[in-house]
Amino acid sequence: MDFGLRDPAAAMRDFLQQAGGCAVVDGGLATELEANGADLNDPLWSAKCLFSSPDLIRKVHLDYLMAGANIIISASYQATIQGFEARGFSQKESEALLFKSVEIACEARGIFQSSYRNGPYTVGADEASSRKQPILVAASIGSYGAFLADGSEYSGDYGKEVTLQTLKDFHRRRVQVLAESGADLIAFETIPNKIEAQAYVELLKENNIRIPAWFSFCSKDENDVVSGDSVLECIAVANACKNVVAVGINCTPPRYIQGLILSIRKATDKPIVVYPNSGERYDADRKEWVASTSNSEEDFVSYVSKWSEAGASLIGGCCRTTPKTIRAIAEALSNVRSAPQATSACN
Ligand SMILES: C[S+](C)CC[C@H](N)C(=O)O
Ligand SMILES: N[C@@H](CCS)C(=O)O
Ligand SMILES: [Zn+2]
């Protein structure tokens, strides 16, 4: 559909219309890599699989497509040139790994689409809606905190020495490479503070980046992102950028999402994307999630129609969500989705 080559807002509008008014985002990529046996206790976390087990990444993307995802997010969340160089890769090899993350996702989409035509996969509520499942590939860009590999994407506290310029210098080349990778859009994910959003906006402008992007923040409650910066101020930074086709929240407990959507919709007319985590807590030292008694996949999915009613039009899951979660989200949304190509939205 040449998503990335058109007027960004119109491209997103058309995509959402083809998806029936609401699109399904995939679930936790790293979570599912681990569920399939990958050991992510590594500074590169899921990006390690780009060289250790690329076939597994492709399989996980396919599993999410089969569950009904309209958007799959590449394995580049913690893939940085600086991180790969620290592992002994050259700059050229590091950039090739970034490309590869998108290539793998595009391959999964191609396999899914051609295999579907040949018969073996059934996805979505029924065959007719499955056939029309529009699919985008989003290139993930995780925060500077993700690169630090100490869980600081959940604090947004980088210390005083990390300035706007530091962050721009850190992210610049990766943004340039992923913008040329063949992805349909860039997903700036798990953004923990306002300064990093500002750095991304300036990089998009200064580097004349043409492909669309979404900005998705990590929140600690219904008002503030994890650093303590106001969600509304963060959204305002993203809202001012023409390339930004959706704004929202990810890797945040489900219980805050409805309040966040209601606030965000007052601050922007752009589509709202939400893909919460399970509500568990990440132990960065052990690189493990700590179980919480108050959350289950059932709880998560029970929120979905409320999020749609509140104004979200891209809904999925982040860490500790699985293809099962995504299938349940697709089913929950099938009640509010209109027939593909119809004009009404789901909220
Ligand atoms: C979204 S968090 C669970 C990613 C992993 C983290 N940056 C780490 O390396 O520990
Ligand atoms: N896209 C990443 C986000 C981590 S917060 C993943 O699902 O692993
Ligand atoms: Zn997450």
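Cut-offs applied
Residues numbered from 1 in each chain as written. Chains lettered and ligands numbered in written order. Predicted model: local features only at pLDDT ≥ 70, side-chain atom pairs only at ≥ 80, totals over all residues. Heavy atoms only, no water. UniProt positions renumbered as here; feature names shortened; annotations may be inferred. Buried < 20%, exposed > 50% of the residue type's maximum accessible area, 1.4 Å probe, protein only. Helix = DSSP H or I, 4+ residues; strand = E, 2+ residues; numbered from the N terminus. Contact = heavy atoms within 4.5 Å. Pairing = 2+ DSSP bridges. Axes fitted to C-alpha atoms, helices over the stretch in contact; angles between N-to-C directions. Core = buried A, V, L, I, M, F, W, Y, C linked by side-chain atoms within 4.5 Å. Donors = N, O, S within 2.8 Å, 3.2 Å for Na, K, Ca; no water. Tetrahedral: all angles 85-135°; square planar, octahedral: opposite > 155°, others 65-115°. Right-handed = clockwise from strand over helix to strand, strands pointing away. Near = heavy atom within 4 Å. Polar contact = N/O pair within 3.5 Å; in protein donor to acceptor, adjacent residues only side chain to side chain. Areas by Shrake-Rupley, 256 points an atom, 1.4 Å probe, with all protein chains shown as cover. 1 Å grid on protein atoms, 1.4 Å probe; cavity = no way out; pocket = protein on both sides within 12 Å on 5 of 7 lines; lining within 4 Å. Points joined across faces, edges and corners; volume = space filled by probe spheres on them. Nonpolar A, V, L, I, M, F, W, Y, C, P; charged D, E, K, R; others polar.

For the protein, an unreviewed UniProt entry supplies the name homocysteine S-methyltransferase and the organism Dendrobium thyrsiflorum. Per UniProt, the comment on the protein under Function (unreviewed entry) is "Catalyzes methyl transfer from S-methylmethionine (SMM) to adenosyl-L-homocysteine (AdoMet). SMM degradation (by HMT-1, HMT-2, HMT-3 and HMT-4) and biosynthesis (by MMT1) constitute the SMM cycle in plants, which is probably required to achieve short term control of AdoMet level."

Novice: Describe helix α12 (residues 257-267), naming the residues involved and giving the relevant values.
Specialist: Turning to α12, its buried residues are Ile257, Gly259, Leu260, Ile261 and Ile264. Where α12 is buried, its residues touch α11 (231-239), β6 (244-250), β7 (272-275), α14 (304-310) and β10 (312-315).

Novice: Could you give an account of the sheet that holds strand β4 (residues 185-191), naming the residues involved and the relevant values?
Specialist: Taken together, eight strands build an open sheet; the order of strands is β1-β10-β7-β6-β5-β4-β3-β2 and the sheet is parallel. For this open sheet the edge positions go to β1 (23-24) and β2 (71-73), each flanked by a neighbour on one side alone. Along the sheet, α11 makes contact with β5 (213-217) and β6, crossing β6 at roughly 160°.

Novice: Residues and numbers for the nonpolar core, please.
Specialist: Membership of the largest hydrophobic core comes to 112 residues, with the highest contact counts inside it found for Phe188, Trp214, Phe215 and Leu314. For Phe188, the contacting residues outside a window of four places in its chain are Ile141, Val175, Tyr200, Leu204, Ala213, Trp214, Phe215 and Ser216. Judged by nonpolar contacts, the second largest core, of six residues, contains Tyr144, Tyr158, Leu167 and Ala199.

Novice: I'd love a proper account of the coordination of the zinc ion (ligand 3), names of residues and values included.
Specialist: Around the zinc ion (ligand 3), the protein contributes the donor atoms Cys251 (SG), Cys318 (SG) and Cys319 (SG), which lie 2.2 to 2.4 Å from the metal centre. Every donor counted, the four donor atoms about the zinc ion (ligand 3) form angles of 96 to 128° at the centre, which fits tetrahedral coordination. All donors of the zinc ion (ligand 3) belong to a single chain; written as a sequence motif, their spacing is C-x66-C-C. Of the two residues, Cys251 sits in the loop between β6 and α12 while Cys319 sits in the loop between β10 and α15 (323-334), which places them 68 residues apart along the sequence. Summarising the burial analysis for this pair, Cys251 and Cys319 share the class buried.

Novice: Describe the pairing of β5, naming the residues involved and giving the relevant values.
Specialist: Counting buried positions over the five residues of β5 gives five, a clear majority of the element. Here β5 shows two buried faces, one formed by Ala213, Phe215 and Phe217 and the other by Trp214 and Ser216. Two strands pair when backbone bridges link them, and β4 and β5 are joined in this way by four bridges, in the parallel orientation. Residue pairing for β5: Ile186 is matched across the bridge by Ala213. The parallel pair β4 and β5, bridged by helix α10 (residues 194-206), forms a crossover whose chirality is right-handed. Alignment of β5 against β6, held across five bridges, turns out to be parallel. By the bridge assignment, Phe215 is partnered in β6 with Val247. Taking the sense of rotation as the criterion, the β-α-β connection linking β5, α11 and β6 turns out right-handed.

Novice: Residue-level account of the site of ligand 2, with values.
Specialist: Taken together, Gly28, Leu29, Ala30, Trp45, Tyr77, Glu189, Thr190, Cys251, Cys318 and Cys319 form the complete shell of residues around ligand 2. Between an oxygen atom of ligand 2 and a main-chain N or O atom of Ala30, the distance comes to 3.1 Å. Here a nitrogen atom of ligand 2 sits 3.0 Å away from a polar atom, N or O, in the side chain of Glu189. In isolation ligand 2 offers 280 Å² of accessible surface; the protein chains occlude 97% of this area.

Novice: If you had to explain empty space enclosed by the protein to someone new, which residues and values would you point to?
Specialist: The rolling of a water-molecule-sized probe over the atoms marks out the regions of remaining empty space. Scanning all chains against the criterion turns up two cavities of 30 Å³ or more. Approximately 220 Å³ is the volume attributed to the largest cavity. Taken together, 20 residues form the lining of the largest cavity, with Leu29, Ala30, Tyr77, Glu189 and Cys318 sitting closest to its centre. Sorting the residues of the lining of the largest cavity by element identifies α2 (29-35) and β4 as the ones contributing at least two each. Per element, the largest residue contribution to the lining of the largest cavity is three residues, and it comes from α2. Grouping the constituent residues of the lining of the largest cavity by class yields eleven nonpolar, seven polar and two charged. As a volume, the second largest cavity reaches approximately 100 Å³.

Novice: Explain unusual backbone geometry to me, and be specific about the residues and the numbers.
Specialist: The phi torsion at Trp45 lies on the positive side, around 45°, for a residue other than glycine. On the secondary structure map, Trp45 appears in the loop between α2 and α3 (49-52). Using a relative accessible area of 12% as the deciding quantity, one classes Trp45 as buried.

Novice: Outline the environment of Ser155, supporting the account with residue identities and numerical values.
Specialist: As for its position among the elements, Ser155 is in the loop between α8 (144-148) and α9 (164-179). Accessibility expressed as a relative area gives 29% for Ser155, which makes it partly exposed. Linking Ser155 and Phe99, residues 56 residues apart in sequence, is a C-alpha distance of 29 Å. Apart from residues lying up to four places away in sequence, Ser155 is in contact with Val226 and Ser227.

Novice: Describe the site of ligand 1, listing the residues and the values that go with them.
Specialist: If you check the shell around ligand 1, you find Trp45, Tyr77, Gln78, Ala146, Ala149, Glu153, Tyr154, Tyr282, Lys287 and Trp289 and nothing else. Contact between ligand 1 and Ala146: a nitrogen atom at 3.4 Å from a main-chain N or O atom of the residue. At a separation of 2.8 Å, an oxygen atom of ligand 1 approaches a polar side-chain atom of Lys287. Protein contacts shield 99% of the accessible area of ligand 1, which totals 330 Å² for the unbound molecule.

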